[in-house]
There are 4 protein chains.
Amino acid sequence: MRSENKAGGQDRSFIETARRAQIVGSAIDVIAEVGYAQASLARIAEHAGISKGVISYHFDSKDELVQQIVDDAMTAGDAAVRPLVEAQTTAADMLRVYIEASVEFYRTHQRHMLALLDIWTNLRTQDGRQRLGVRDNENEMGDVEQILRFGQATGEFGEFSTRVMAVTVKQAVDGVLLLMAAYDDLDFDVYARELAGLFDRATRKEDRWR
Amino acid sequence: MRSENKAGGQDRSFIETARRAQIVGSAIDVIAEVGYAQASLARIAEHAGISKGVISYHFDSKDELVQQIVDDAMTAGDAAVRPLVEAQTTAADMLRVYIEASVEFYRTHQRHMLALLDIWTNLRTQDGRQRLGVRDNENEMGDVEQILRFGQATGEFGEFSTRVMAVTVKQAVDGVLLLMAAYDDLDFDVYARELAGLFDRATRKEDRWR
Amino acid sequence: MRSENKAGGQDRSFIETARRAQIVGSAIDVIAEVGYAQASLARIAEHAGISKGVISYHFDSKDELVQQIVDDAMTAGDAAVRPLVEAQTTAADMLRVYIEASVEFYRTHQRHMLALLDIWTNLRTQDGRQRLGVRDNENEMGDVEQILRFGQATGEFGEFSTRVMAVTVKQAVDGVLLLMAAYDDLDFDVYARELAGLFDRATRKEDRWR
Amino acid sequence: MRSENKAGGQDRSFIETARRAQIVGSAIDVIAEVGYAQASLARIAEHAGISKGVISYHFDSKDELVQQIVDDAMTAGDAAVRPLVEAQTTAADMLRVYIEASVEFYRTHQRHMLALLDIWTNLRTQDGRQRLGVRDNENEMGDVEQILRFGQATGEFGEFSTRVMAVTVKQAVDGVLLLMAAYDDLDFDVYARELAGLFDRATRKEDRWR
DNA sequence: AATGAATGAGACTTCATTCAT
DNA sequence: AATGAATGAAGTCTCATTCAT
C-alpha cells in the first residue's frame, strides 16, 4: 500500500504512520473549513496542535501532503463503494448501488470530500496545468463506464455515450456537496434515491414498453 | 448596466471601460491557464502588457476584479441562453434548449467558464466560508427549477425532486469543462445532444406508455 | 510675500493663487483629521473636489505644499499675535498678551495648528533629520525670548534661563492642542488665563515683596 | 509582567525575549533617527542585521511592535521616576523631584523618548483619530495632578487649575527633546534646575509674603 | 523525532509623480 | 489650466521551506 511505505521502499514506523495520519486529518479539516488557498501549513499545524516543522519533517512538501489526502480519500471511497457494486448482478442494480453507496460515503466523509473537491480544482503542476483531471479519475470514471457498457451489452441499457453518461453520474454525485454546503438539513437518502431514479430512467432501454 | 457604471453613479469613460475589459480579459486568460491561486496581479498585468499598478488604478481591489469576471460571465451566459429558452413553448423543449444553449455557450466561452469554475471554488469570505454557493446561483438554478416545475404542472414531466434535478442539470453542463480539459477533440454537439437526451428521458412522464 | 510669488520671481495669477489657497486649505483639513502620514495627495484632492494632478500642477512636490501650510500658519499666527504684543508697554503685559493671543489664535485656527503640529513632527529632510526644529522656530521663540530678556533688563522679571523659559512657554501654549483633542468642551479662556497666571508667577521678580 | 508574556499566557522563551528586545531596540533607533513615517520594517530589519521576515515572525504586526515600544518606554519611565517621587514628603519636593527625575530619564533615554514622541503623534486608529492622547497619558498626567492637588490640600500650593498645570509640566519636560535635537551641548542639569524653579514659583502660595 | 527560529520570495496595495491629451 | 491614466518603488504581511538544536 502506498500510504504505508516510503518512496525508498522501507516500511514506515508506527509512530510515523500515526503522525502522518494525524496531519492528513488536520489538513482535511482545515481545507474543508477555510478552503485550499487559505490552508497554510501553519494553520494545519495549529489545528493539529503541533509545530509547523513537523509537517515538513514527515512530508517532503506540501504537495506530497495534499497528494496523500487525495490518495486516502479515493482509496477509502473505492473501498466503500466497489464491494457493494460488485455484489450486484444486473447493470441497473450496479448503477443504483454505485450512486447510493457514493452518496452515503459522501455523507459519512463530508469533510474529506469537501477538501478533495477543493484540492481537485487547485492542484496544479508547476507549469500551471491542472494536476488532477478526468484522466486521473479514470479509475473511478472507468468503473462507472464499465457498468454502463455492461448494461448496454446485456440490453438493459439503451444507446447513449457511456463517457458522457459517466461524467454526468460523477458530477451528479458531486452535486451533493454543493447542496450540503448550502442547506444544513439536506436529506442524503432522498438525494440518493432521486439520483438513482434519475439515472435509471436516463439509462434504461425505453422501448421495452413500446 | 451594472458593469458600465461606477459605484458613485457616474458613467465610465470609454478608455476606462476598455481598460477594464482588457484587464478582465487578461485575468480570465490567466486564471483559466494557471488557476486562481496562481493568478497574481503581477501575472495578470504581465499578460496584459501593462504595469501592475494599472490594475489597482482601475479596480479597487483584486476582489473587485474577480467579482467583475463573475458578473460578466454570468450576465453573458444569461443573455446567451435565456432568450432561446423563452422562445420555447413546451417544458421539454425549454429544458433541451437550455442544455444545448448552455453547452454551446461553454464552447464559445471556454476560458471564461474555466475561470469562473475556478473562482467559484476559491472565492471565500474572510471567515473562510465559500462566498459563492448554490444560493448565489439561485437565479440560474431557479430558472431551471422553474422549467422543471412548469413541466410537472403541464404533465409533461413525471415526479422527481426539482431541486435535485436542477442541481444535476447544472452539474452535468459543468461536466463539459472537465472533458474539455482532458480531451482536445471534444465534440460539443455530441455532448449537448447526449445530455439533452439524457435529461429528456430522466424527466418525462414514464407511464404515458403504460 | 513669499506665498504670492513664484520662485522665478513672477507674480502668480489670481486663479493660481486661489487654487493654491484652496489646496492648502484642503490639505490642512485632511492632515488635521487623519494625520500627516495618512494625508495622501489623493485624499487631499478628493477633499478639495479636484483631480490629483492639479496638486502636482500647482506645487512642485508634496513637500512644497506642506511647506506652504507651515508658512501660512506661522505668518497668520505672527500677524494675529505680534501687533497685540507690541501694543503693550511692560514685559509682563507683553508675555500675558502673547499667551492670551496665542491661545485665542489656536482656538480660531484649531485645524491649522493641529496640522502644523503634525507636520512639525513629520517633516524631514532626505537624510532623515527633522526639517523643522527649535531653530526654525527661532523667529517665534526669539520673540518670546526678547520679551523675557526685556523684562529681566527692566527688572520686572527675575533670574532664569530665557531659553528654557521660552521653550516652556511655547510648549505650554501647544498644550492646548492636546487638551483640545481630548476634551470637546475645553474652555480656552480659562486655559489662557491659567497659563498667563502661571507664567506671571514663574517670571516675575519674587523679592519685590520681601 | 505584560511585556514578557504572550497573549496566550505562555512565557516567552529566552531567545524570543532577546530577539524582541533587539528588534524593539532597533526600531527605537530607527524611529529616533529618521522618524516614524520613514521607519519601515525593512529599515528596522537592516539596522538590526536580520531579515525582514524575522520581525513578522516575532511580532504579529507593525502595530504590535510599536505598541511594545510605547509600553516599554512608559514602564521604564515610570519605574525611574515614581520611587524617587514617593520618597518625598512635601508636595513641592515631589514636584521638583518629578521634574528632575524625568529630565534625567530623558537624558539617559534620549532615543527612546524621541521615538516615543514621534509615535505619539503618528499612531492613529483606523478612522484617523489619534490613538494616543492625553487620556492614555492619564496615568502619568494623573500622577502629576495628584501631586498638585496634594499640594493645594496641604496649603503648599496656591490656587490654579491642576489640569492645566499638569499638562504644562508634562509639556515642559517634553520640551527638553526639542532643545536636545537642536543643541548638542544641552546641559540637562541646568534645564532640570530651571524647570524645577519655574514650577516652584508657578505653584507655590504667593501670599505667604504678603 | 520534534521544534522554534529564520529566510526570502512573492502576495496585494498605496503612493507621489509624470505625461499625453 | 486641468485631467485621467499610468508608472514603479516601496510598504506590510504571508508562506513554504530550511536548519541548528
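Identification of chain A as TetR family transcriptional regulator from Streptosporangium longisporum is taken from an unreviewed UniProt entry.

Caption draft 1: Fine view of the relation of the copies chain A and chain B. Rotating chain A by 179 degrees and moving it 0.0 Å along the rotation axis overlays it on chain B with an RMSD of 0.3 Å. In short, the pair behaves as if placed about a two-fold rotation axis. In terms of C-alpha distance to the rotation axis, chain A has Ala202(A) as its closest residue, with the C-alpha 2.5 Å off the axis. Residue by residue, 98% of the interface of chain A is reproduced at the interface of chain B, so both copies engage with the same surface.

Caption draft 2: Representation of the side chain of Ser102(A). Residue and element names in this part refer to chain A. Tracing the backbone through its elements, the reader meets Ser-102 in helix 5 (residues 91-108). Under the relative-accessibility criterion, Ser-102 is labelled buried at 4%. Dropping the residues within four chain positions of it, Ser-102 is found in contact with Val-81, Val-97 and Val-173.

Caption draft 3: Structural context of the protein's contact with DNA strand F. Around DNA strand F, the structure places 30 residues, and the nearest of them are Lys62(A), Val54(B), His58(B), Val54(C) and Lys62(D). What you see for DNA strand F is that sugar and phosphate hold 71% of its atoms within 4 Å of the protein. His58(B) is positioned such that a nitrogen or oxygen atom in its side chain is 2.5 Å from a phosphate oxygen of DNA strand F. Here a phosphate oxygen of DNA strand F sits 2.9 Å away from a polar atom, N or O, in the main chain of Leu41(D). Elements with a minimum of two residues in the surface near DNA strand F: helix 3 (52-58) of chain A, helix 1 (14-34) and helix 3 (52-58) of chain B, helix 3 (52-58) of chain C together with helix 3 (52-58) of chain D. Counted by class, the surface near DNA strand F contains seven nonpolar, 14 polar and nine charged residues.

Caption draft 4: The protein's contact with DNA strand E, seen in detail. The immediate surroundings of DNA strand E are formed by 29 residues, with Val54(A), Lys62(B), Arg19(D), Val54(D) and His58(D) found nearest. Protein-proximal atoms of DNA strand E, defined as those within 4 Å of the protein, fall in sugar or phosphate at a share of 72%. At a separation of 2.8 Å, a phosphate oxygen of DNA strand E approaches a polar side-chain atom of His58(A). Separating a phosphate oxygen of DNA strand E from a backbone N or O atom of Leu41(C) is a distance of 2.8 Å. Those elements that place two or more of their residues in the surface near DNA strand E are helix 3 of chain A, helix 3 of chain B, helix 3 of chain C together with helix 1 (14-34) and helix 3 of chain D. Split into classes, the residues belonging to the surface near DNA strand E amount to seven nonpolar, 13 polar and nine charged.

Caption draft 5: Region of interest: the interface of chain C and chain D. Across the boundary between the two partners, chain C contributes 41 residues, which contact 41 residues of chain D. Interface area lost by chain C to chain D is led by Gln171(C), Tyr183(C) and Arg201(C), which between them contribute 17%. The interface formed by chain C and chain D holds two salt bridges in total. A salt bridge links Asp118(D) to Arg124(C); the nearest nitrogen and oxygen atoms lie 2.8 Å apart. The interface formed by chain C and chain D holds ten residue pairs in polar contact (both at pLDDT 80 or more) in total. Elements that contribute at least two residues to the side of chain C that touches chain D include exactly helix 1 (14-34), helix 6 (110-122), helix 8 (162-182) and helix 9 (188-203) of chain C. A per-element tally of the side of chain C that touches chain D places helix 8 of chain C first, with twelve residues.

Caption draft 6: Here's a closer look at the side chain of Thr162(B). Residue and element names in this part refer to chain B. Mapped onto the elements of the fold, Thr-162 is located in helix 8 (residues 162-182). The buried category is assigned to Thr-162, whose relative accessible area is 11%. A polar atom in the side chain of Thr-162 sits 3.0 Å from the side chain of Glu-145. Look past the residues within four positions of Thr-162 in its chain and what remains in contact with it is Glu-145, Leu-148, Arg-149 and Gln-152.

Caption draft 7: Main features of the packing of helix 8 (residues 162-182) of chain A against helix 9 (residues 188-203) of chain A. Residue and element names in this part refer to chain A. The interhelical angle for the contact between helix 8 and helix 9, taken along N-to-C directions, is 160 degrees, at an axis separation of 11 Å. Between helix 8 and helix 9, the interaxial angle falls into the category roughly antiparallel. With respect to the hand of their crossing, helix 8 and helix 9 are arranged in right-handed fashion. From helix 8, Met-165, Thr-168, Val-169, Ala-172, Val-173, Gly-175, Val-176, Leu-179 and Met-180 reach across to helix 9, where they touch Phe-188, Tyr-191, Leu-195, Phe-199, Ala-202 and Thr-203. Residues belonging to the contact of helix 8 with helix 9 are distributed by class as follows: twelve nonpolar, three polar and no charged.

Analysis parameters
Residues numbered from 1 in each chain as written. Chains lettered and ligands numbered in written order. Predicted model: local features only at pLDDT ≥ 70, side-chain atom pairs only at ≥ 80, totals over all residues. Heavy atoms only, no water. Least-squares fit on C-alpha atoms with pLDDT ≥ 70 in both. Contact = heavy atoms within 4.5 Å. Helix = DSSP H or I, 4+ residues; strand = E, 2+ residues; numbered from the N terminus. Buried < 20%, exposed > 50% of the residue type's maximum accessible area, 1.4 Å probe, protein only. Near = heavy atom within 4 Å. Polar contact = N/O pair within 3.5 Å; in protein donor to acceptor, adjacent residues only side chain to side chain. Nonpolar A, V, L, I, M, F, W, Y, C, P; charged D, E, K, R; others polar. Buried area = accessible area lost by both parts, 1.4 Å probe. Salt bridge = Lys/Arg side-chain N within 4 Å of Asp/Glu carboxyl O. Axes fitted to C-alpha atoms, helices over the stretch in contact; angles between N-to-C directions. Parallel < 35°, antiparallel > 145°, perpendicular 65-115°, else oblique. Left-handed = near helix turned anticlockwise from the far one by under 90°.

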